[in-house]
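For reference, the chains in residue letters:
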Amino acid sequence: MIRVENVSKTYTGKQGTVEAVKDVSLEISRGEIFGVIGFSGAGKSTLIRLLNGLETVTSGHIYINEKDITTLKRKELLKERQKIAMIFQHFNLLWSRTVEENIAFSLEIAGVPKAERKAKVAELIDLVGLTQRVGIARALANDPEVLLCDEATSALDPKTTKDILKLLVEINQELGLTIVLITHEMHVVRQICHRVAVMEEGRVVESGEVIEVFKNPQQPITKQFVGEERVDDEIDEVFHHLSTSLRPGVAVRIQY
């Protein structure tokens, strides 16, 4: 479905040369939820922008359905990008528009007739359920084959994050959509991803099945992510125990 072969991206400016992505190779299967995790500056957001042609590669090739998007002319690339939807941390909604108008936006750009747009919007509002999910509904409007999620849950509270992740799984299962999820949160990867790649300083330093990476991390950066997740689990377990065992009105102070 998606094949990344020896891709690098270099920026040159007044401050010199920055290698944002360095010789990255990945394969993502159709219908898979694939996570890419790394701290700020690891190159993960640049990588996801390369996947949908928002950035051009410095070297290497990216294949979507066996078509090399790095060699396409602008018109061909725009056509292929209709199959690759993207949602962002803050969704980039048009606040001057209604919920329906936001969802219909990409359909307008694609030249879909008004009556067809209206029917599609109604269908998608029903699918996602809540208006706070307009950004996801808009991304799905053109029936994409790939959904790229760039830190889509990092600005959300835990309850909303859980709901959004559940929605992504439902979309993956119902529509057979391939999802690439960029995040710096290991618990997000662990909850919904099938496989994961760990990035550090522009490189993929470790990848594999999520359960195997979590159980047996090889690289220091991966061990750090896994360690933080296990600490969070332990804290959650303590608070769950306290919430079910203490009398109402009893205060407790925990140090960790």
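Residues numbered from 1 in each chain as written. Predicted model: local features only at pLDDT ≥ 70, side-chain atom pairs only at ≥ 80, totals over all residues. Heavy atoms only, no water.

J.: Is there a simple way to explain the overall build of the chain in this structure?
T.: Counting its regular elements, the chain contains nine helices and ten strands. Across the 256 residues of the chain, 43% fall into the buried class. Across the chain, the fraction of contacts at a sequence separation of at least 24, relative to all contacts at a separation of at least 6, is 65%. Carbon and sulfur atoms make up 49% of the accessible area of the chain, which totals about 14,400 Å². (Helix = DSSP H or I, 4+ residues; strand = E, 2+ residues; numbered from the N terminus. Buried < 20%, exposed > 50% of the residue type's maximum accessible area, 1.4 Å probe, protein only. Contact = heavy atoms within 4.5 Å. Areas by Shrake-Rupley, 256 points an atom, 1.4 Å probe, with all protein chains shown as cover.)

J.: Please clarify how the side chain of Asn52 should be interpreted in this entry.
T.: As for its position among the elements, Asn52 is in the loop between helix H1 (44-51) and strand E4 (59-64). A polar atom in the side chain of Asn52 sits 3.2 Å from the backbone nitrogen of Leu54. Setting aside chain neighbours within four positions, we find Asn52 in contact with Arg81, Ile84, Met86 and Leu148. (Polar contact = N/O pair within 3.5 Å; in protein donor to acceptor, adjacent residues only side chain to side chain.)

J.: What's the story with the pattern of salt bridges in this structure? I'm lost.
T.: Opposite charge on two side chains lets them pair, provided their charged atoms get close. Scanning the model with the defined rule gives ten salt bridges in all. For Arg195, the salt bridge identified is with Glu32, shortest N-O distance 2.5 Å. Here Arg195, found in strand E9 (residues 195-200), pairs with Glu32, found in the loop between strand E2 (16-28) and strand E3 (33-37); they are 163 residues apart in sequence, far enough to count as distant. Between Arg49 and Glu55 there is a salt bridge, with the nearest N and O atoms lying 3.6 Å from each other. Residue Arg49 is classed as partly exposed on the basis of its relative accessible area of 30%. Several salt bridges share partner residues, and in doing so they unite Arg3, Glu5 and Glu66 into one network. (Salt bridge = Lys/Arg side-chain N within 4 Å of Asp/Glu carboxyl O.)

J.: Would you take a moment to explain the side chain of Ser8 for this structure?
T.: The residue Ser8 is located in strand E1 (residues 2-13) in this model. Contact partners of Ser8, with chain neighbours within four places excluded, come to Val21, Lys22, Asp23, Val57, Thr58 and Ser59.

J.: It is not clear to me how the pairing of E1 should be interpreted in this structure. Could you clarify?
T.: Moving residue by residue along a regular strand, the side chains alternate between the two faces of the sheet. Sheet topology note: the E1/E2 ladder contains nine bridges and is antiparallel. Within E2, the residue paired with Arg3 across the bridge is Glu27. Between E1 and E2, which pair antiparallel and follow one another directly, the connecting turn spans two residues. Bridge count between E1 and E4: five bridges; the pairing is antiparallel. Within the sheet, the bridge partner assigned to Arg3 lies in E4 and is Tyr63. (Pairing = 2+ DSSP bridges.)

J.: Would you mind showing me how to read the nonpolar core here?
T.: Within soluble globular proteins, side chains that are nonpolar tend to cluster in buried spots. Core analysis: the largest hydrophobic core is formed by 40 residues, its most contacted members being Ile136, Leu147, Cys149 and Leu168. Within the second largest apolar cluster, 28 residues are counted, among which are Met1, Val4, Val21 and Val146. (Core = buried A, V, L, I, M, F, W, Y, C linked by side-chain atoms within 4.5 Å.)

J.: What is the right way to read the sheet that holds strand E6 (residues 84-87) from this model?
T.: Strand pairs in the sheet, formed through backbone hydrogen bonds, run parallel or antiparallel to each other. In space, the six strands of this open sheet follow the order E6-E7-E8-E3-E9-E10, with mixed pairing throughout. Pairing within the sheet leaves two strands with one partner each, and these edge strands are E6 and strand E10 (203-209). Pairwise comparison of adjacent strand axes, ignoring direction, gives a mean angle of 15° for this sheet. The sheet contact formed by E3 and strand E8 (residues 178-183) spans five bridges and is parallel. Bridge pairing in E8 links Ile33 to Ile179. The sheet contacts of H1 involve E3, E6, strand E7 (146-150), E8 and E9, and relative to E8 the element is tilted by about 155°. (Axes fitted to C-alpha atoms, helices over the stretch in contact; angles between N-to-C directions.)

J.: Before we go on, may I ask you to explain the environment of Leu54 in this structure?
T.: Here Leu54 is to be found in the loop between H1 and E4. With relative accessibility at 30%, the residue Leu54 sits in the partly exposed group. For the pair Leu54 and Leu77, spaced 23 residues apart in sequence, the C-alpha to C-alpha distance is 9.9 Å. If sequence neighbours within four positions are ignored, Leu54 has contacts with Arg49, Arg81 and Met86.

Everything listed here is a matter of coordinates, which is why it stays silent on function.
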